[in-house]
Amino acid sequence: MCRLCDQGQPQVHDYDDDDDDRAWNPRRGFLKASASAGAAGGMALFANAAQADDDRREREPEHSGRHGRRYVIRNGSVMSMDPKVGDFARADVLVEGRKIVAIGPDLRVGGAHEIDARGRIVMPGFIDTHHHLFETALRSYLADGLLFDGLDAATAQNYFQKILLTFAPVYRPQDVYINTLFGSLSQLDAGVTTVFDISQIHHSPAHSDATIKALRDSERRAVFGYFESADSVAGNQYPADARRLKATHFSSADQLTTMTMGGEIYLPGYEAAWAIGRELGLPVTAHIVGTFGMRPTFDALATAGAFTADN
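Residues numbered from 1 in each chain as written. Predicted model: local features only at pLDDT ≥ 70, side-chain atom pairs only at ≥ 80, totals over all residues. Heavy atoms only, no water.

1. Considerations on the layout of surface pockets
To be explicit about the condition: Here a cavity denotes grid points, spaced 1 Å and computed from the protein atoms alone, that fit a 1.4 Å probe unable to get out, and a pocket denotes an open set having protein on both sides within 12 Å along at least 5 of 7 lines; residues with an atom within 4 Å of a point are the lining. Grid points are joined across faces, edges and corners, and a volume is the space filled by probe spheres set on the points. Helix and strand assignments follow DSSP, with helices taken as H or I runs no shorter than four residues and strands as E runs no shorter than two, numbered in order from the N terminus. Just so you know the grouping, Ala, Val, Leu, Ile, Met, Phe, Trp, Tyr, Cys and Pro go in nonpolar, Asp, Glu, Lys and Arg go in charged, and all remaining residues, Gly too, go in polar.
Of the pockets and cavities examined, the second largest pocket occupies roughly 410 Å³. His132, Glu135, Leu147, Tyr159 and Ile163 are the residues nearest the centre of the second largest pocket, which is lined by 20 residues in total. At four residues, helix α5 (residues 159-167) tops the list of elements feeding residues into the lining of the second largest pocket. Split into classes, the residues belonging to the lining of the second largest pocket amount to 12 nonpolar, six polar and two charged.

Below you can see the structure in the form of structure tokens.
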């Protein structure tokens, strides 16, 4: 996988714990081993993937994730990303309900639905730690814009003016739902199975409920970030509505969709959001943008001991 190494010019890529010998790069080595195990041609794992897709247009079994539902992913090249589990050139993955319960070659799983993963890599999905899913329909709209107009008062093409102050205030709950759902499904199609949705579209409780319903309907793991209403549209109940949202939608900690409390320190009254977040036992999250003049506020919070291991 390294062109210089292949040409006889060894490069130092990584070292083991003893710092004595050059270590095998685990991901690069895994891909090489998986490809070699796939067929004598070496790269058949990837060369046959397109044909495999045409031959097996198989999706996950119906009702995946429901209690008691069992299926096994067979004969894939498994990259667990967990050193305690390890990686396998060929192995099976058994899923029961929403949990992976076994990984290894030739698992005996009588009665489980089988998915043929030959020619494919089985690995954890990607995690998107910052996404505004309600803006899905506006994707690529402002490719030449700035974040805000603080550097040049004449700059009209900026995110705050065009997105947050022009489009966002006219969103209806149904607009929020379809944007959030379509954005989630698009990410799933690209292999992103977990998202932190920085949601700033809470003009009303109905907007909030629509956001959460869309995240749940996507049936993937999501963190719902309850932030302010863009442009503070009349009727919004942020941050007080967090109490209702927590009680209504997040009464259990063992669910695919969880909640955090948005508390932007560059907004007046952020202290109320932080207090409610702590009252409800929610992590408090915020954008950290140096150009917004946040340093004095951060210094004051640090001096007051506002930051702990739980925040």
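2. Some thoughts on the sheet that holds strand β9 (residues 257-262)
Cut-off, in case you're wondering: In this description, strands pair whenever DSSP reports at least two bridges between them. Contacts are assigned to residue pairs with any non-hydrogen atoms lying within 4.5 Å of each other. Lines fitted to C-alpha atoms define the axes here, with helix axes fitted over just the stretch in contact, and angles between the N-to-C directions of these axes take values from 0 to 180 degrees.
If you trace the five strands from one edge of the open sheet to the other, you get β6-β7-β8-β9-β10, paired in parallel fashion. What marks the edges here is a single partner per strand, and that holds for β6 (126-131) and β10 (284-285). Two strands pair when backbone bridges link them, and strand β8 (residues 221-226) and β9 are joined in this way by five bridges, in the parallel orientation. Bridge pairing in β9 links Tyr226 to Met261. Sheet strands touched by helix α6 (residues 173-189): β6 and β7 (192-199). Its angle to β7, the strand with the most contacts, is close to 150°.

3. Thoughts on unusual backbone geometry
A cis amide bond links Tyr238 to the next residue, Pro239, at an omega of 0°. Looking at where Pro239 falls in the secondary structure, it is placed in the loop between β8 and α8 (242-249). Its identity as a non-glycine residue notwithstanding, Met81 has a phi of 65°, on the positive side. Residue placement: Met81 occurs in the loop between β1 (70-79) and β2 (87-96).

4. Details of the pattern of salt bridges
Condition: Salt bridge, as used here: a side-chain nitrogen of Lys or Arg that lies within 4 Å of a carboxyl oxygen of Asp or Glu.
The final tally for this structure, using the stated rule, is 11 salt bridges. Note that Arg70 is salt-bridged to Glu96, the shortest N-O span being 3.1 Å. In this pair, Arg70 sits in strand β1 while Glu96 sits in strand β2, placing the two residues 26 residues apart along the sequence. Of the charged contacts, one joins Glu279 and Arg243 as a salt bridge, the two residues approaching to 3.0 Å between their closest N and O atoms. Here the residue Glu279 occupies a position in helix α9 (residues 270-279), and Arg243 occupies one in helix α8, the gap between them amounting to 36 residues.

5. Digging into the nonpolar core
For soluble globular proteins, the rule of thumb is that nonpolar side chains tend to be buried together. So the rule is basically this: The definition of a nonpolar core used throughout is a set of buried Ala, Val, Leu, Ile, Met, Phe, Trp, Tyr and Cys residues joined through side-chain atoms within 4.5 Å. Partly exposed describes any residue whose relative accessible area lies between the buried limit of under 20% and the exposed limit of over 50%, with all areas from a 1.4 Å probe on protein chains only and scaled to the type maximum.
Ranked by internal contacts, the top residues of the largest apolar core, which has 17 residues, are Phe224, Tyr226, Ala242, Leu245, Met259 and Met261. Elements with a contribution of two residues or more to this core: α7 (205-217), β8, α8, β9 and α9. No other element matches the three residues that β8 contributes to this core. Leaving out residues up to four positions away in the same chain, Phe224 has contacts with Asp197, Ser199, His202, Thr211, Ile212, Leu215, Leu245, Phe250, Thr257, Thr258, Met259 and Thr260. Judged by nonpolar contacts, the second largest core, of 11 residues, contains Ile163, Leu164, Ala168 and Ile201.

6. Things to note about the pairing of β8
Where we set the bar: Assignment of crossover handedness uses the view with strands pointing away from the viewer, where a clockwise path from the first strand over the helix to the second indicates a right-handed crossover.
Two elements, β7 and β8, share six bridges in a ladder whose sense is parallel. From the neighbouring strand, Phe196 faces β8, where its bridge partner is Val223. Following the chain from β7 across α7 to the adjacent parallel β8, one finds a crossover that is right-handed. In this fold, β8 hands off to α8, which returns the chain to β9; that crossover is right-handed.

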